[in-house]
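Spelled out from the first residue to the last, the chains are:
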Amino acid sequence: MKAAERLFAESGYDGTSIRAIVAKAKVNQAAINYHFDGKDGLYREVLRGAFRALTEQQLTHAEELKLMSREEALSQFVRRQLQPLLGRDEYSRHMRIFNWETVQPTAIFRNLMAEEAAPFLSFAGDLVRRFMPDADQRMVTVAAIWLLGQCSVFVRNREQLAEPPVGLVLDEQAIEWLSASISNWVVSGLRPMRTN
């Protein structure tokens, strides 16, 4: 799994051969076929692991957030979304795999997200609904996606944002500042819309 994760992060799904995975992992192809039913199954498990690594902590703390004020819950949510900025190798590989999916989407990824993303999107939607109690489901869903996007733009582009011309410093203090800033902007953005 780790060998495949590294190779998929470096070259994407299409650019990674089963032969390269076998060589890097020092296993035979029969083991991959037996345990994962081939390259597609292995890629699916790598994607599942990456997605869960990025969302598991949020879902684990879902009940805690329900007991907090909506502003504090939002702040905690944003902070946890930004935690991968402090991670190094593993989170970086996960984000590179997802970036490959942005430019060369696979059916494997789309199918997995249809299955795996529902609890996380629902969790984000519940948080949004606290700010927009009268919004219809479509509005809540779009606002939840927007909320996730406010953080993911930083996480997905971490490596580029750390370089010039931006030069974003990625330490604990910077993450706290960024988290507070995004939380304040999001609270302003989630005010219920008025219709005249």
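This section reports on the structure supplied with the text. Keep in mind that what you see is a predicted model, and the values were worked out from it rather than measured. (Residues numbered from 1 in each chain as written. Predicted model: local features only at pLDDT ≥ 70, side-chain atom pairs only at ≥ 80, totals over all residues. Heavy atoms only, no water.)

1. Quick notes on the overall build of the chain
Within the chain, the secondary structure is distributed over eleven helices and zero strands. Listing each helix as α and each strand as β along the chain from the N terminus yields α-α-α-α-α-α-α-α-α-α-α. Based on the C-alpha atoms only, the size of the chain along its principal axes is roughly 65 × 40 × 30 Å. Going through the 196 residues of the chain one by one, you find that 42% of them count as buried. A sequence separation of at least 24 residues applies to 72% of the contacts in the chain between residues at least 6 apart. Accessible surface, the chain: about 11,200 Å² in total, of which carbon and sulfur atoms supply 54%. Taking the average place of the 24 positive charges on the side chains of the chain and the average place of its 24 negative ones, the gap between the two points comes to 2 Å. (Helix = DSSP H or I, 4+ residues; strand = E, 2+ residues; numbered from the N terminus. Buried < 20%, exposed > 50% of the residue type's maximum accessible area, 1.4 Å probe, protein only. Contact = heavy atoms within 4.5 Å. Areas by Shrake-Rupley, 256 points an atom, 1.4 Å probe, with all protein chains shown as cover. Lys, Arg positive; Asp, Glu negative; His and termini not counted. Charge placed at Lys NZ, Arg CZ, Asp CG, Glu CD.)

2. So, the side chain of threonine 16
Looking at the secondary structure, you find threonine 16 in the loop between helix H1 (2-11) and helix H2 (18-25). In terms of polar contacts, threonine 16 uses its side chain to reach the backbone carbonyl oxygen of leucine 7, at 3.1 Å. For threonine 16, the contacting residues outside a window of four places in its chain are Leu7, Phe8, Ser11, Ile21 and Lys39. (Polar contact = N/O pair within 3.5 Å; in protein donor to acceptor, adjacent residues only side chain to side chain.)

3. Examining the pattern of salt bridges
Counted according to the given criterion, the structure contains nine salt bridges. Here glutamate 63 and lysine 66 are joined by a salt bridge, their closest N and O atoms 3.2 Å apart. Taken together, the residues glutamate 63 and lysine 66, both in helix H5 (residues 62-67) and three residues apart, mark about one turn of the helix. (Salt bridge = Lys/Arg side-chain N within 4 Å of Asp/Glu carboxyl O.)

4. Quick notes on unusual backbone geometry
Residue proline 165 is bonded to the preceding proline 164 through a cis peptide linkage, with omega at 10°. For lysine 26, which is not glycine, the phi torsion reads 55° and is therefore positive. Within the secondary structure, lysine 26 sits in the loop between H2 and helix H3 (29-36). Despite not being glycine, aspartate 37 shows a phi value in the positive range, around 60°.

5. Some remarks on the nonpolar core
Within the largest apolar cluster, 52 residues are counted, with the highest numbers of intra-cluster contacts made by Phe77 and Leu82. By residue number, the principal contributor to this core is helix H8 (residues 107-131), which donates ten residues. With near-sequence residues (within four places) excluded, leucine 82 lies in contact with Cys151, Phe154, Val155, Ile175, Leu178, Ser179 and Ile182. (Core = buried A, V, L, I, M, F, W, Y, C linked by side-chain atoms within 4.5 Å.)

6. Remarks on the packing of aromatic side chains
Two measures describe an aromatic ring pair: the distance that separates the ring centres and the angle between the ring planes. If you walk through the whole model with that rule in mind, you get seven aromatic pairs. When the centroid spacing of 6.1 Å and the interplanar angle of 20° are considered together, the rings of phenylalanine 77 and phenylalanine 120 count as stacked. Pair noted here: phenylalanine 77 is in helix H6 (residues 70-82) and phenylalanine 120 is in helix H8, with a separation of 43 residues, a long-range link. The exposure class of phenylalanine 77 is buried, given its relative accessible area of 0%. An angle of 55° between the planes, with centres 5.5 Å apart, marks the rings of phenylalanine 77 and phenylalanine 123 as tilted. (Phe/Tyr/Trp six-rings, centres within 6.5 Å; stacked < 30°, edge-to-face > 60°.)

7. A word on helix H9 (residues 137-156)
Helix length check: H9, at 20 residues, gives a terminal C-alpha distance of 27 Å against a target of 28 Å (1.5 Å per residue), a fit within 8%. Buried within H9 we find Val140, Ala143, Ala144, Leu147, Leu148, Cys151 and Val155. (Expected span 1.5 Å × (residues − 1).)

8. What to know about the packing of H1 against H2
Relative orientation of the contacting elements H1 and H2 amounts to 130°, with a least axis distance of 9 Å. It follows from the interaxial angle that H1 and H2 lie oblique. Taken as a pair, H1 and H2 cross one another with a handedness that is right-handed. In contact with Ala3, Ala4, Arg6, Leu7 and Phe8 of H1, H2 contributes Ala20, Ile21, Lys24 and Ala25. For the contact of H1 with H2, the residue count by class is seven nonpolar, no polar and two charged. (Axes fitted to C-alpha atoms, helices over the stretch in contact; angles between N-to-C directions. Parallel < 35°, antiparallel > 145°, perpendicular 65-115°, else oblique. Left-handed = near helix turned anticlockwise from the far one by under 90°. Nonpolar A, V, L, I, M, F, W, Y, C, P; charged D, E, K, R; others polar.)

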